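Secondary and tertiary structure notes
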Amino acid sequence: MVEKHGSVKKKKMGKKCNKFLDALLVLVHVVVDYILEFVLGWYLGPQQRCSPPEDKKQDDVVSKSAVELALLIKQRKLKAYDVVKTYCDRIKTVNREINAVVDGPFAEALEEAKEIDRKLDNGEISEEDLKAKPFLGVPFTTKDSTEVAGKLHTLGLIARKNERAKEDAECVRLMKESGAIIIATSNVPEVNKWIESRNMLIGQTNNPYDLRRSVGGSSGGEAALISACCTGFGLGTDIGGSIRIPAFNCGVYGHKPSTNVVNMRGCTFRTGKEEKTMVAAGPMTRYATDLMPILKVLSGPKMSDTLKLSQNVDLKKLRYFYIPTNKMKQCNPVNRETQMRMYQIRRHFQNLTGQEVKLADLPKLEVTGKMWRYWMTQEPANFNKLLGNGVDLNPFVELFKKIIGKSDFTMAAIYSLIDSLLPKEKESLIREATTQCKEALQELLGDDGVLFFHSSPRTAPFHYYPLVKIMDFSYFSIFNVLQVPVTQVPLGLDANGLPMGVQVVANDMNDRLCLAVAEELERGFGGWVPPYAAIRN
């Protein structure tokens, strides 16, 4: 009896000790976060936002949705040439501030727009052809790592500074086929493997809401261009949050589709035949209503039918869930404003449906970082070899070069080299954890469930912040591990004028649920807020 009482007492002491350590860890996170914000804020100087459009005429064009632009061009209320020129002029003005463009704006885009206008004016495009070209005359951009025929294809590497793509990536080809006009390519971290868009070739891309802050990565140049109204829409790729992190940081929409919905040929040297991969290509936009039409183009008619993208979604018949934290102790605690947005989302959908948005949990979320790190080693691409442009690099040599100022790589790239030398994750444990988490999510959501999941515990950090604290990206990477569709949705601005947001998750091949909920959130919360008008929403 005494022994049993002693055991209970030890358990209570253990729980108290764990609670104390958890509280201490939260305090450490808060203190380190405060110090980083203070020091980097002082070092980088006062806040600046990107410039607004030059006049109302320019604003009326560049702030419209891609779908609306296409309609106005087809109705001859706008000329394709004027639209493309307006965007190109906007790029030339704003890129000096955000540094997002690798190649462009392209002179031939104006010629292509002229030809579209000529054909439309002369009635040379039939109604059938117009239906087959839903984005006729609409300018778009894509990240530098995605091939655009004849354009720079550097992947942020000095060794590739003059390399040009031989053909269009499949996603670019499909968008061109839809009538859209490519006007520029955008900046990425070296071989896409970092959560900031910085390299030694182009430099760092700045957040339109605060030029001192990160745009995220790897589709960071895209998000910056879209948010700053320098393009009609963009194409991104996502292997660990690479669409959603930049979309979150820059206050725009980004959709990571179900795996293999969009052919990956031409994206970071992918062949399009890879079967087992976490990567996906998808649309990035200022408006939720643009996501579905673009995804239809990217996925093609057959896959669109499989996904039932044309089928209406009755939001009142869906089941809704939320998870308040990923339980990773390496991540920052979720801040109060972010918690409040989740509460507001829950209230909104409760009022809409008359049903509670239910609290949920998934097993093994606390090892998200380990799961993603393991599954990256199972990818068909050798990222370290990509970084060396086909040559194996020595991490210690590159670190020494960095110290003496002779390296061709950023510190973030050298981090990834060093990481490859660290002990590997235990395969059996990680595979079991992944299976448990995946099965639990499938059971939870079924074919009519949607999960709201925080995008990040905090809003966009200052440049260089992730070099000290990186693990917040695990809020995004878990859904690459689980290979399910996710839409990143902007939800106005925080007290510092920085974008807030949430991830909308559904089961595999239920992309339409994510997109329908994103449109409802846009109606309820206002969606994208122009960075040059950054007032609290």
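This write-up is about the structure you can find in this document. (Residues numbered from 1 in each chain as written. Predicted model: local features only at pLDDT ≥ 70, side-chain atom pairs only at ≥ 80, totals over all residues. Heavy atoms only, no water.)

**As for the overall build of the chain**
The cut-off we apply is this: The helix count covers DSSP runs of H or I at least four residues long, the strand count covers runs of E at least two residues long, and both are numbered beginning at the N terminus. Note that the radius of gyration is over C-alpha atoms, with the globule rule given as 2.2 Å times the number of residues to the power 0.38. A 1.4 Å probe rolled over the protein chains alone gives each residue an accessible area, and that area as a share of the maximum for its type sets the label: buried under 20%, exposed over 50%, partly exposed in between. Only heavy atoms enter the contact rule, under which two residues are in contact if any of them lie within 4.5 Å. Each accessible area value is a Shrake-Rupley result obtained with a 1.4 Å probe; residue values ignore everything except the protein chains displayed when judging cover. Neither His nor the chain ends contribute to the count of charged residues, in which Lys and Arg are positive and Asp and Glu negative. Charge positions are represented by NZ for Lys, CZ for Arg, CG for Asp and CD for Glu.
The secondary structure content of the chain amounts to 19 helices and 15 strands. Taking 24 Å as the expected radius of gyration for a compact globule of 537 residues, we find that the chain reaches 23 Å, a close match to that expectation. For the C-alpha atoms alone, the extent of the chain along its principal axes is close to 95 × 65 × 45 Å. By the burial criterion, 58% of the 537 residues in the chain qualify as buried. Considering only contacts within the chain whose residues lie at least 6 apart along the sequence, 78% involve residues at least 24 apart. Of the roughly 23200 Å² of accessible surface on the chain, 55% is carried by carbon and sulfur atoms. Of the side-chain charges in the chain, 73 are positive and 63 negative, and the distance between the mean point of each set is 6 Å.

**Focus: the sheet that holds strand β13 (residues 449–454)**
Stated formally: The pairing criterion is simple: DSSP has to find at least two bridges between the two strands. To get an axis, a line is fitted to the C-alpha atoms, and for a helix only the part in contact is used. The angle between two axes follows their N-to-C directions and goes from 0 to 180 degrees.
One open sheet accounts for eleven strands, arranged β1-β3-β2-β8-β10-β9-β14-β15-β13-β11-β12; its pairing is mixed. Looking at the sheet topology across the chains shown, the edges are occupied by β1 (101–103) and β12 (358–359). Note: β1 against strand β3 (residues 181–186), two bridges, orientation antiparallel. When the sheet's bridge partners are listed, Asp103 is paired in β3 with Thr185. Across the sheet, helix α11 (residues 336–353) lies against β11 (319–323), β13, β14 (486–493) and β15 (499–505), angled at about 160° from β13, the strand it touches most.

**Overview of the pairing of strand β7 (residues 210–214)**
Across the five residues that make up β7, a large majority, five, are buried. Note that strand β6 (residues 206–207) and β7 share two bridges and pair antiparallel. The residue of β7 that forms the bridge with Asn206 is Ser214. The turn linking β6 back onto β7 is made up of two residues.

**Remarks on the pattern of salt bridges**
What counts is decided by this rule: For this document, the term salt bridge refers to a Lys or Arg side-chain nitrogen within 4 Å of an Asp or Glu carboxyl oxygen.
Following the criterion strictly, the structure yields 31 salt bridges and no others. For the salt bridge of Lys114 with Glu111, the shortest nitrogen-to-oxygen distance reads 3.9 Å. Here Lys114 and its partner Glu111 are both found in helix α5 (residues 107–121), three residues apart, which amounts to about one turn of the helix. Accessibility expressed as a relative area gives 43% for Lys114, which makes it partly exposed. Note on Glu111: relative accessible area 47%, which makes it partly exposed.

**Observations concerning the pairing of strand β8 (residues 234–238)**
For a regular strand, the rule is simple: side chains alternate between the two faces of the sheet. Among the five residues that make up β8, five are buried, leaving the element largely enclosed by the rest of the structure. With burial as the criterion, each face of β8 is covered, one bearing Gly234, Gly236 and Asp238 and the other bearing Leu235 and Thr237. Looking at chain direction, strand β2 (residues 139–143) and β8 are connected through two bridges and run parallel. Within β8, the position partnered with Thr141 by the bridge is Gly234. Summarising the sheet, β8 and strand β10 (residues 280–285) pair through five bridges and their orientation is antiparallel. Among the inter-strand pairings, Leu235 is bridged to a residue of β10, identified as Pro283.

**Details of the packing of aromatic side chains**
Describing an aromatic ring pair means giving the distance of the ring centres and the angle of the ring planes. Stated precisely, the cut-off is as follows: Pairing of aromatic rings covers Phe, Tyr and Trp, the last counted by its six-membered ring, and requires centre-to-centre distances within 6.5 Å; plane angles under 30 degrees mean stacked, over 60 mean edge-to-face, and any other angle means tilted. Only when the NZ of Lys or the CZ of Arg is both within 6 Å of the ring centre and within 35 degrees of the ring normal is a charge said to sit over the ring.
Scanning the entire structure with this criterion turns up twelve aromatic pairs. Seen from their ring centres, Tyr320 and Phe452 are 6.0 Å apart, and the 5° between their planes marks the pair as stacked. One end of the pair, Tyr320, is in strand β11; the other, Phe452, is in strand β13, with 132 residues separating them in the sequence. Comparing Tyr320 with Phe452, the two get one shared label, buried. Each ring, one from Trp372 and one from Phe473, has its centre 5.0 Å from the other, and the planes form 80°; the classification is edge-to-face. Of this pair, Trp372 sits in helix α12 (residues 368–376) while Phe473 sits in the loop between α17 (465–468) and α18 (474–481), and the two are 101 residues apart along the sequence. Like Phe473, Trp372 is buried. Among the aromatic residues, those joined into a ring-pair cluster are Phe135, Phe140 and Phe233. In this arrangement the basic side chain of Arg286 is found over the ring face of Trp528, its NZ or CZ atom lying 5.7 Å from the centre. Its guanidinium or amino end placed over the ring of Tyr465, Arg458 lies 4.8 Å from that ring's centre, counting from NZ or CZ.

**With respect to the packing of helix α10 (residues 288–307) against helix α19 (residues 511–525)**
Cut-off, in case you're wondering: If an angle is under 35 degrees, it is roughly parallel; if it is over 145, roughly antiparallel; if it lies from 65 to 115, roughly perpendicular; otherwise it is oblique. By the definition used in this description, the sense in which the near helix is turned from the far one sets the handedness, with an anticlockwise turn below a right angle giving left-handed and a clockwise turn giving right-handed. Under the scheme applied, nonpolar residues are Ala, Val, Leu, Ile, Met, Phe, Trp, Tyr, Cys and Pro; charged residues are Asp, Glu, Lys and Arg; polar residues are all the others, including Gly.
Put simply, α10 and α19 touch, their axes get as near as 11 Å, and they point 165° apart. The angle between α10 and α19 places the two elements in the roughly antiparallel class. The two elements α10 and α19 meet at a crossing, and its hand is left-handed. For the pair formed by α10 and α19, the contact residues are Ala288, Thr289, Leu291, Met292, Leu295 and Leu307 on the first element and Asp511, Arg512, Leu515, Ala518, Glu519 and Glu522 on the second. Looking at the contact of α10 with α19, its residues break down into seven nonpolar, one polar and four charged.

**Overview of α5**
What counts is decided by this rule: How far a helix is expected to stretch is found by multiplying one less than its residue total by 1.5 Å. Comment: arc refers to directions from the helix axis out to C-beta atoms.
In this model α5 runs 22 Å from its N-terminal to its C-terminal C-alpha over 15 residues, within 8% of the 21 Å that 1.5 Å per residue would give. By the burial criterion, the buried members of α5 are Ala109, Leu110, Ala113, Ile116, Asp117 and Leu120. For α5, the arc enclosing every buried residue in end-on projection is 120°, short of the 170-degree limit, so these residues lie on one face. Where α5 is buried, its residues touch α3 (66–74), α4 (80–98), α6 (127–132) and β3. Residue Gly123 follows α5 closely and has a positive phi angle near 70°.

**Re empty space enclosed by the protein**
Stated precisely, the cut-off is as follows: With a 1 Å grid laid over protein atoms only, a set of points is called a cavity when a 1.4 Å probe fits there but cannot get out and a pocket when it is open yet has protein on both sides within 12 Å along at least five of seven lines; lining residues have an atom within 4 Å of a point. Grid points are joined across faces, edges and corners, and a volume is the space filled by probe spheres set on the points.
Per the counting criterion, the structure on display carries three cavities of 30 Å³ or more. Space inside the largest cavity adds up to approximately 190 Å³. Taken together, 16 residues line the largest cavity, and the ones lying closest to its centre are Ile195, Ser456, Pro461, Asp472 and Phe473. Mapped by element, the contributors of at least two residues to the lining of the largest cavity are α9 (244–249) and α17. Its residues assigned to classes, the lining of the largest cavity shows nine nonpolar, four polar and three charged. Volume-wise, the second largest cavity comes out at about 60 Å³. Taken together, Phe248, Thr338, Arg341, Met342, Ile345, His454, Ser456, Thr459, Leu491, Met500, Gly501 and Val502 make up the lining of the second largest cavity. Residue assignment for the lining of the second largest cavity shows that the elements contributing at least two residues are α11 and β15. Among the residues making up the lining of the second largest cavity, the classes are represented as six nonpolar, five polar and one charged.

Treat this as a map of the structure, not an account of what it does.
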